[in-house]
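Spelled out, the chains give:
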Amino acid sequence: MSYSVVFVEDEQIVREEIVSSIRWELLGLELVGTAADGMEGEQLIKRVEPDIVITDIRLPAQDGLAMLSHCPVNHAIILTGHTDFSYMKQAIRLGVFDYLLKPIDDEELEETLASLVKKIQEEDKDFEQLKKGSSTAGELIALPRNVNNHVIDATIAFIADNYANPVGLQEAASYLELSESHLSRLFKEVTGLNFLQYLNAWRVNKSVELMKDPKKNIGEIATSCGFPTPGYFAKIFKRFTTKTPTQFRDELGAL
């Protein structure tokens, strides 16, 4: 199985060099499109819904992070000529996997892509495990609770209290006064799921509850459940259910 990639870069020389030099097929990747500015990139991403977006931060029309915030992007790699640390927190919430400083080293980019492919493969296994679970609590996705580990129980309680806010592993680890790496490793070890998949599954469950209210539109539901954009919500929802939120709601109403 190969994962699809979109590459957004306004410098033509850089764009052509990376397109031609990266060994996409060897990495298990397929480059499905390129764009030269943020608006063109947004349109392309919405059209092809790639698994990975590689983008410069500083783009004409709109910057790379603004572009990502408008699109259903699960994984992104940022290329930048500056140490834009002010963007870091926002970038983490938008699914940015890593930052690479220009000029880009082909070998470093290939190593980063290989690591990201491995991460996505692990997430795919988590999704399959979640889909196999049957819920006894009337939820769409079955999730373990009260796992008799005080750290993980506290983490799940944090998710329950904060899922509607733009939180992630970083905020949970800070709240629990743990390192991100320790919490990530322990959470996966105890629950069998990584933190982000658990958080997204919780949010999807909550979204299904809200869909029962015909007065709430999909955009409101996405925001209420902590998804940054309706497009990102639709992407995650479809991965869990194979249906778009609108399709799922229509079927729910027909029952």
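In the block above lies the structure referred to throughout.
The model shown is predicted, which means the values in this text are computed figures rather than measured ones. (Residues numbered from 1 in each chain as written. Predicted model: local features only at pLDDT ≥ 70, side-chain atom pairs only at ≥ 80, totals over all residues. Heavy atoms only, no water.)

Visitor: Lay out the overall build of the protein with the relevant residues and their values.
Guide: Scanning the protein from terminus to terminus reveals 12 helices and five strands. Burial statistics for the protein: of 255 residues in total, 45% are counted as buried. Within the protein, residue pairs in contact and separated by at least 24 positions form 63% of the contacts whose partners lie at least 6 positions apart. A total accessible area of about 12,700 Å² is found for the protein, and carbon and sulfur atoms account for 50% of it. (Helix = DSSP H or I, 4+ residues; strand = E, 2+ residues; numbered from the N terminus. Buried < 20%, exposed > 50% of the residue type's maximum accessible area, 1.4 Å probe, protein only. Contact = heavy atoms within 4.5 Å. Areas by Shrake-Rupley, 256 points an atom, 1.4 Å probe, with all protein chains shown as cover.)

Visitor: Which residues make up a negative patch on the surface, and what values do they have?
Guide: Taken together, Asp98, Asp105, Glu107, Glu108 and Glu111 make up a surface patch of like negative charges. The leading source of residues in the negative patch is helix H5 (residues 106-132), at three residues. If you trace the backbone, Asp105 turns up in the loop between strand S5 (96-101) and H5. Of the residues examined, Asp105 reaches a relative accessible area of 40% and is grouped as partly exposed. (Patch = residues over 30% accessible without salt bridge, like charges linked within 9 Å, V, L, I, M, F, W, Y side chains within 5 Å. Salt bridge = Lys/Arg side-chain N within 4 Å of Asp/Glu carboxyl O. Lys, Arg positive; Asp, Glu negative; His and termini not counted. Charge placed at Lys NZ, Arg CZ, Asp CG, Glu CD.)

Visitor: Go over the side chain of Gln62 with me, naming the residues and quoting the values.
Guide: With respect to the helices and strands, the residue Gln62 is situated in the loop between strand S3 (52-56) and helix H3 (64-69). When its relative accessible area of 10% is taken as the criterion, Gln62 is described as buried. Among the polar contacts made by the side chain of Gln62, one reaches the side chain of Glu42 at a distance of 2.6 Å. A polar atom in the side chain of Gln62 sits 3.2 Å from the side chain of His70. (Polar contact = N/O pair within 3.5 Å; in protein donor to acceptor, adjacent residues only side chain to side chain.)

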